[in-house]
Amino acid sequence: MTMSRRVALSTFALSAICSPLLALAQEWPHKSVKLIVPYLAGGGVDPVARMIGQKLTEKWKQPVIVENLAGASGTIGATAVAKAAPDGNTILMSATAEVVINQHFMTKMLYQPERDLQPVTLTVKLPFVLVAEPSKPYSDMASLIAYARKNPGKVSYASSGAGTPQHLAGVLLEELAGVQLLHVPFKGVAQAMTDLMGGQVDIGFVGLPTGLQQIQAGKLRAFGVSSLTSSPAAPQIPAIAKTPGLEKFELIQWFGVFVPAKTPDTTIAKIQRDVAEVLAMPDVRTNLLKQGAEPSGMSVAEFTAFTKSESEKFARIVKSAKIAQ
């Protein structure tokens, strides 16, 4: 065999070995991707995840399979992602609880968000809206606060459980308004909404997409949204922060994308870039805004700083609420 033929064969063999490895690195995702939603199908995070997942399926030419792993305030699904291989093929679409709230009052979590999960991008922000059954003896934030001050501990507020954002929004309202409210935790949003509309519980923070239909039907009265400004989906509802004395009131729900720690930077960058492009699509943006959800698409650095800030804020509110598990 001639020297040139040996070189040619060696080059061919090396190419045969390296080409699949290079393809795997260059073509991620090279197989289906799991998008874990740590809540039940149908509401909250789920429809946003499915909308984004469908667009990513088209963009990546690989199936993006939404998998609901609900339970324990989102920690079951988040644990599955935290413990998954850091290859980009298992992604978390989170709400706030499992990544910035629970760690401050749950003593038995199987993961640590800041150690085990890498922030990728913020998908949407959703304000809460403070509501009550229309026959209640207050019609706006000022009269509600005045009534609560005259009747300490008698105005009840609903939440979907201790330590949930709705509960902590009530705690923040108590702090800033100087009132004492009665917390009534429910096992979920549906039951809380039923008792709010029936007047069995006085007030409650509910997600704007959840509450808007009942507000428009006249079954609930809106006092204000929990973001610093009104939502484009309901510009007629003022921000609670516009009420004198409540200028610092801001507590929103948000959904974000996380991957296991140690996922390659190139994969993280691609996920962030592609999710941001999906969120900027006119049909996606219009759909989300109609639901009261503000699309984002933050850079990895911005979202990492955002989650740190949110964690610090919720840590302070949880401490004030004096809750622990």
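Nothing here was measured: the structure is a model prediction, and the numbers come from that model.

Caption draft 1: Spotlight on the overall build of the protein chain. For the protein chain, the helix and strand inventory stands at 12 helices and 10 strands. With the C-alpha coordinates aligned to their principal axes, the bounding extent of the protein chain is approximately 100 × 40 × 30 Å. Counting across all 325 residues of the protein chain, residues that qualify as buried make up 49%. Pairs at least 24 residues apart make up 77% of the contacts formed inside the protein chain by residues separated by at least 6 positions. Counting only carbon and sulfur atoms, one obtains 57% of the accessible surface of the protein chain, whose full area is about 15,200 Å².

Caption draft 2: Local environment of the packing of aromatic side chains. Under the definition given, this model contains 8 aromatic pairs. Centre to centre, the rings of Trp-254 and Phe-306 are 5.3 Å apart; their planes meet at 65 degrees, and the pair counts as edge-to-face. In this pair, Trp-254 sits in strand 9 (residues 252–260) while Phe-306 sits in helix 12 (residues 300–321), placing the two residues 52 residues apart along the sequence. The pair formed by Trp-254 and Phe-306 is uniform in burial state, with each residue classed as buried. Within the aromatic cluster, the residues linked to one another by ring pairs are Trp-254, Phe-258, Phe-303 and Phe-306. Geometry around Phe-314 places Lys-313 over its ring, the cationic atom sitting 5.7 Å from the centre.

Caption draft 3: Quick peek at the environment of Gly-88. As for its position among the elements, Gly-88 is in the loop between helix 3 (75–82) and strand 3 (90–94). Residues Gly-88 and Pro-29 lie 59 residues apart in sequence; the distance between their C-alpha atoms is 7.7 Å. Not counting residues within four places of it along the chain, the set of residues in contact with Gly-88 comprises Trp-28, Val-33, Thr-263, Thr-267 and Ile-271.

Caption draft 4: Molecular detail of helix 10 (residues 265–279). Compared with the 21 Å implied by 1.5 Å per residue over 15 residues, the 21 Å span of helix 10 between its first and last C-alpha is a close match. Residues Thr-267, Ile-268, Ile-271, Gln-272, Asp-274, Val-275, Val-278 and Leu-279 constitute the buried set of helix 10.

Caption draft 5: Quick look at the packing of helix 2 (residues 45–60) against helix 11 (residues 282–290). Two elements in contact, helix 2 and helix 11, have axes separated by 12 Å at closest approach and are oriented at 175 degrees. The orientation of helix 2 relative to helix 11 falls into the category roughly antiparallel. Between helix 2 and helix 11, the contacting residues are Val-48, Met-51 and Lys-55 on the first element and Asp-283, Val-284, Asn-287 and Leu-288 on the second. Of the residues in the contact of helix 2 with helix 11, the class split is 4 nonpolar, 1 polar and 2 charged.

Caption draft 6: How the structure looks around the nonpolar core. Core analysis: the largest hydrophobic core is formed by 50 residues, its most contacted members being Leu-130, Met-141, Leu-168, Leu-173, Ile-203 and Trp-254. Elements with a minimum of two residues in this core: helix 3, helix 4 (97–101), strand 4 (117–132), helix 6 (141–150), helix 7 (165–177), strand 7 (203–207), strand 9 and helix 12. Counting residues in hydrophobic clusters, the runner-up holds 30 residues, among them Trp-28, Ala-95, Val-259 and Ala-293.

Caption draft 7: Looking closely at the pattern of salt bridges. Taken as a whole and assessed by the stated rule, the structure comprises 10 salt bridges. The partner of Arg-50 in a salt bridge is Asp-46, with the nearest N and O atoms 3.0 Å apart. Pair noted here: Arg-50 and Asp-46 are both in helix 2, with a separation of 4 residues, about one helical turn. By relative accessible area, which is 4% here, Asp-46 ends up buried. With a closest N to O distance of 3.0 Å, Lys-270 and Asp-274 form a salt bridge.

Caption draft 8: Region of interest: helix 6. Burial in helix 6 covers these residues: Met-141, Leu-144, Ile-145 and Ala-148. Buried residues along helix 6 cover an arc of 95 degrees about the axis, so they all sit on one side. Turning to helix 6, the residues buried within the fold contact strand 4, helix 7, strand 7 and strand 8 (221–225).

Caption draft 9: Quick look at the confidence of the model for the protein chain. Overall, the prediction assigns the protein chain a mean pLDDT of 91, with 91% of residues at 70 or greater. Under a pLDDT of 50 for its full length, residues 20–25 has, in the predicted model, 2 contacts with residues more than four places off or in other chains.

Each value, and the rule that gives it
- Residues numbered from 1 in each chain as written.
- Predicted model: local features only at pLDDT ≥ 70, side-chain atom pairs only at ≥ 80, totals over all residues.
- Heavy atoms only, no water.
- Helix = DSSP H or I, 4+ residues; strand = E, 2+ residues; numbered from the N terminus.
- Buried < 20%, exposed > 50% of the residue type's maximum accessible area, 1.4 Å probe, protein only.
- Contact = heavy atoms within 4.5 Å.
- Areas by Shrake-Rupley, 256 points an atom, 1.4 Å probe, with all protein chains shown as cover.
- Phe/Tyr/Trp six-rings, centres within 6.5 Å; stacked < 30°, edge-to-face > 60°.
- Lys NZ or Arg CZ within 6 Å of the ring centre and 35° of its normal.
- Expected span 1.5 Å × (residues − 1).
- Axes fitted to C-alpha atoms, helices over the stretch in contact; angles between N-to-C directions.
- Parallel < 35°, antiparallel > 145°, perpendicular 65-115°, else oblique.
- Nonpolar A, V, L, I, M, F, W, Y, C, P; charged D, E, K, R; others polar.
- Core = buried A, V, L, I, M, F, W, Y, C linked by side-chain atoms within 4.5 Å.
- Salt bridge = Lys/Arg side-chain N within 4 Å of Asp/Glu carboxyl O.
- Arc of directions from axis to C-beta.
- pLDDT = per-residue confidence, 0-100.

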